[in-house]
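Remarks on the overall topology
Next come the chains, spelled out residue by residue.
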Amino acid sequence: MTILAEVLDKFTTAGDLVEAGADGAVRCVACAHRCLIRPGRRGICQVRFNKDGELRVPWGYVAALQSDPIEKKPFSHVLPSANALTFGMLGCDFRCPYCQNWLTSQAGRDPEAESSLDLIRRMTPEQMAAHARRVRAEVIVSSYNEPLITSEWAVGIFKQARAAGLKCAFVSNGNATPEALDYLRPHLDAYKVDLKSMQDKNYRQLGGVLKHVLGTIQKAHELGLWVEVVTLVVPGFNDSNDELWDAARFLSGVSADIPWHVTAFHKDYHMTDPDNTPARTLLRAAEIGREAGLRYVYAGNLPGMVDEYEDTHCPNCNTLLVKRRAYVIREYHLTPNGTCPKCGTQIPGIWPEDPARVTLNGYGFPLPVY
Ligand code: SF4
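Everything numeric in this text was worked out from a predicted model, so none of it was measured. (Residues numbered from 1 in each chain as written. Predicted model: local features only at pLDDT ≥ 70, side-chain atom pairs only at ≥ 80, totals over all residues. Heavy atoms only, no water.)

**Overview of the domain arrangement of the protein chain**
It is common to report an interface's size as the accessible area lost on association of the parts. In terms of domain boundaries, the protein chain breaks down into domain 1 (3–58), domain 2 (61–322) and domain 3 (323–370). Look at where the C-alpha atoms of domain 1 and domain 3 centre, and you get two points 43 Å apart. (Domains from an automatic or database assignment.)

**Here's the deal with unusual backbone geometry**
In the segment running from Lys73 into Pro74, the intervening peptide bond is cis, with an omega of -5°. The residue Pro74 is located in the loop between β8 (64–69) and β9 (83–88) in this model. Unusually for a residue other than glycine, Asp23 sits at a positive phi of about 55°. Asp23 gets classed as exposed once you look at its relative accessible area, which sits at 76%. (Helix = DSSP H or I, 4+ residues; strand = E, 2+ residues; numbered from the N terminus. Buried < 20%, exposed > 50% of the residue type's maximum accessible area, 1.4 Å probe, protein only.)

**Some remarks on the environment of Asn238**
Relative to the helices and strands, Asn238 resides in the loop between β14 (226–233) and α8 (241–254). Its relative accessible area of 2% is what places Asn238 among the buried residues. Sequence separation between Asn238 and Asn202 is 36 residues, and the spatial gap between their C-alpha atoms is 8.5 Å. If we skip the residues at most four places from it in the chain, Asn238 touches Lys196, Ser197, Thr231, Leu232, Val233, Glu243 and Leu244. At a separation of 2.8 Å, a polar atom in the side chain of Asn238 contacts the main-chain carbonyl oxygen of Lys196. In terms of polar contacts, Asn238 uses its side chain to reach the backbone carbonyl oxygen of Leu232, at 2.8 Å. (Contact = heavy atoms within 4.5 Å. Polar contact = N/O pair within 3.5 Å; in protein donor to acceptor, adjacent residues only side chain to side chain.)

**A closer look at the confidence of the model for the protein chain**
It should be kept in mind that the predicted coordinates are not to be read in detail where pLDDT is low. In the predicted model, the protein chain carries a mean pLDDT of 92, and 91% of its residues have values of at least 70. Per-residue pLDDT stays below 50 along residues 364–370; that stretch engages in nine contacts with residues further than four places along the chain or on separate chains. (pLDDT = per-residue confidence, 0-100.)

This is the structure we're talking about:
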């Protein structure tokens, strides 16, 4: 047992997303791995474990806490320019080579994992809601690590946050179960899903299964959550026309109103082989999205280089509704009811009742120069 694992194991509570198994085993249903965990063993994510026949799950700490513009999540149809207080814990149920979240599972084997210990800060849901009010957040977001594996903690916080008038959101890999989505639904407003590939073999490399992610997008939409989908376009991994078309067709089949963000990869962390994604690839992906019938397609991470794909236009009359540059809102023209001011078309999403509260220069930060 390592120091990191010992500390994390103290920050736990009894899990809700669990089914009883035989001989003291439990089946965790927080994510689509559905680990059957025997007494004394851990699930794939390493942070949920069976202690004497009880599923223990993360509770009572944060490893990251940050106020950001909601555009950074990214959400484009949720309270533009809102301050989103985002919290994260440790661990993941995937093993993406460009991300460090799975390192928690290396506790005791990798010094980089042990260094995560410095990040842990004790918190209660009440303290989190109070902090959200202090920083004038309008949205609270579970992100940074995979929020599904810490669903109980998110619900504890969301109950307090909603009572304080905040909206609540997940930024997730989409490896959910229907049980987890049903559990989250009463406390959640918006769900961002990473759709990393349309090839199952790619998902297997990352530790997932394509159909589980597609099922999450479908079910989250059916449950009435506001869903936005992000595809990080990685050269040589998922940037072929065929694959982009598959993704766009799938999303448009669920709903043409789902915003699809195609974002640029840049060499990072353990994944330095592929080249950075050029703007022309993002534009190609965005055009495919539009041709497939998606009404709201956004190209991210390359501000000023992706034509109109940072902005929201009315799908009926093409009026400019929201003009963005990176995370900054430059113009906002929706009505208080979230309709186009010119033709009255309802634009789906969660919009401010008072358009005047949309901060046009993004938090009072100086406007970036590109
Ligand atoms: S959250 Fe997923 S990976 Fe972790 S124990 Fe539960 S089913 Fe397994």
